[in-house]
Amino acid sequence: MKIGYLSGTFDLFHIGHLNLIRRAKHCCDYLVVGVHRDASHKGKETFIPLEERMDIVRNIKYVDKVILSEREDSDIYFKGIVKYDYLFVGSDYKGTPRFNRYEELFKDTGVKIIYFPYTEGTSSTQLRKVIS
Ligand code: CTP
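Peer 1: Would you mind going over the packing of aromatic side chains in detail, with residue names and values included?
Peer 2: The geometry of two aromatic rings is summed up by the distance between their centres and the angle between their planes. Counting across every chain of the model gives 13 aromatic pairs. Seen in terms of ring centroids, Tyr-77 and Tyr-84 are 5.4 Å apart; in terms of plane orientation they differ by 55°. Their pairing is tilted. Looking at Tyr-77, the relative accessible area reads 11%, which means it is buried. Taken together, the aromatic side chains of Tyr-5, Tyr-77, Phe-78, Tyr-84, Tyr-93, Phe-99, Tyr-102, Phe-106 and Tyr-115 make up a single cluster linked through ring pairs.

So this is what it looks like as structure tokens:
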């Protein structure tokens with residue numbers, strides 16, 4: 001059974017989130033999604049409380065399990081929280097220092113990092129701007 005993992009803040013859940021989750025589930029048997037406590041790592045504030053964001057993600061039919069994320073996706077694996085086979089993320093993260101580091105860390109583990117096309121035209125940041 002192939003286990004997949006992805007993480008996100010999922011504030012103001014939008015189609016970019018759904019596209020990522022749907023594509024991820026099509027590539028694995030069991031999909032675990034980590035939800036970030038807040039968006040402070042991006043210097044942003046969330047509109048929707050953590051419990052509500054987790055509840056929304058938990059009830060998406062492609063999601064098998066929801067957990068609180070670690071700051072680093074690699075910690076989820078190396079701390080043994082979820083021994084995943086695939087780490088999924090949007091293509092906006094390709095080539096970033098964080099994912100370059102993960103590429104190195106996972107080199108000899110058998111874990112594959114899979115980048116899906118970023119969904120243009122929407123993001124939590126854009127939605128927050130409109131609401132504000
Ligand atoms: N993502 C995506 N397409 C979008 C927005 C996000 O594929 N339009 C992906 C990201 O690449 C990431 C995941 O969704 O793998 C979770 O992203 P998250 O930070 O929760 O969403 P954003 O809308 O990017 O949030 P923000 O604008 O606050 O940075």
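On we go.
Peer 1: Any chance you could break down the site of the ligand for me, citing the residues and the numbers?
Peer 2: Not every one of the 21 residues close to the ligand is listed here, only the nearest: Lys-42, Asp-92, Thr-119, Thr-122 and Thr-125. One of the backbone N or O atoms of Thr-9 is found 2.9 Å from an oxygen atom in the ligand. The separation between an oxygen atom of the ligand and a polar side-chain atom of Thr-125 is 2.4 Å. At the level of elements, strand E1 (3-8), helix H1 (15-26), strand E4 (86-90) and helix H5 (124-131) are the ones that each hand at least two residues to the shell around the ligand. For the shell around the ligand, the per-class residue count stands at five nonpolar, twelve polar and four charged.

Peer 1: Which residues make up the pairing of E1, and what values do they have?
Peer 2: Of all the six residues making up E1, six are buried; the element is thus mostly covered by neighbouring parts of the structure. Neither face of E1 is exposed, since Ile-3, Tyr-5 and Ser-7 on one face and Gly-4, Leu-6 and Gly-8 on the opposite face are all buried. The parallel pair E1 and strand E2 (residues 30-35) is bridged by H1, and the resulting crossover is right-handed. As judged from the two bridges shared by E1 and E4, these two strands associate in the parallel manner. Paired with Gly-4 across the bridge in E4 is Tyr-86.

Peer 1: Run through H1, naming residues and quoting values.
Peer 2: Taking 1.5 Å per residue as the helical rise, H1 with its twelve residues ought to reach 16 Å, and the 16 Å between its terminal C-alpha atoms agrees with that figure. Taken together, the buried positions of H1 are Gly-16, His-17, Asn-19, Leu-20, Ile-21, Ala-24 and Lys-25. For H1, the secondary structure elements touched by its buried residues are E1, E2, E4, strand E5 (112-116) and H5.

Peer 1: Can you lay out the side chain of His-17 for me, pointing to particular residues and giving the numbers?
Peer 2: By the secondary structure assignment, His-17 is in helix H1. Setting aside chain neighbours within four positions, we find His-17 in contact with Phe-10, Asp-11, Leu-12 and Ser-124.

Peer 1: Explain unusual backbone geometry residue by residue, including any values.
Peer 2: Unlike most non-glycine residues, Phe-10 shows phi in positive territory, near 55°. Tracing the backbone shows Phe-10 in the loop between E1 and H1. According to the relative accessible area criterion, Phe-10 is buried, its value standing at 4%. At Leu-12, a position not held by glycine, the phi torsion is positive, near 50°. As for its placement among the helices and strands, Leu-12 is situated in the loop between E1 and H1.

Peer 1: Just give me the short version of the environment of Thr-122, but keep the residues and values in it.
Peer 2: Structurally, Thr-122 is set in the loop between E5 and H5. A residue is classified by how much of its surface remains accessible, and Thr-122, at 13% relative accessible area, is buried. Sequence separation of Thr-122 and His-14 is 108 residues, and the distance between their C-alpha atoms is 7.4 Å. What Thr-122 contacts, discounting residues up to four positions off in sequence, is His-14, Ile-15, Gly-16 and Leu-127.

Parameters at a glance
- Residues numbered from 1 in each chain as written.
- Predicted model: local features only at pLDDT ≥ 70, side-chain atom pairs only at ≥ 80, totals over all residues.
- Heavy atoms only, no water.
- Phe/Tyr/Trp six-rings, centres within 6.5 Å; stacked < 30°, edge-to-face > 60°.
- Buried < 20%, exposed > 50% of the residue type's maximum accessible area, 1.4 Å probe, protein only.
- Near = heavy atom within 4 Å.
- Polar contact = N/O pair within 3.5 Å; in protein donor to acceptor, adjacent residues only side chain to side chain.
- Helix = DSSP H or I, 4+ residues; strand = E, 2+ residues; numbered from the N terminus.
- Nonpolar A, V, L, I, M, F, W, Y, C, P; charged D, E, K, R; others polar.
- Right-handed = clockwise from strand over helix to strand, strands pointing away.
- Pairing = 2+ DSSP bridges.
- Expected span 1.5 Å × (residues − 1).
- Contact = heavy atoms within 4.5 Å.

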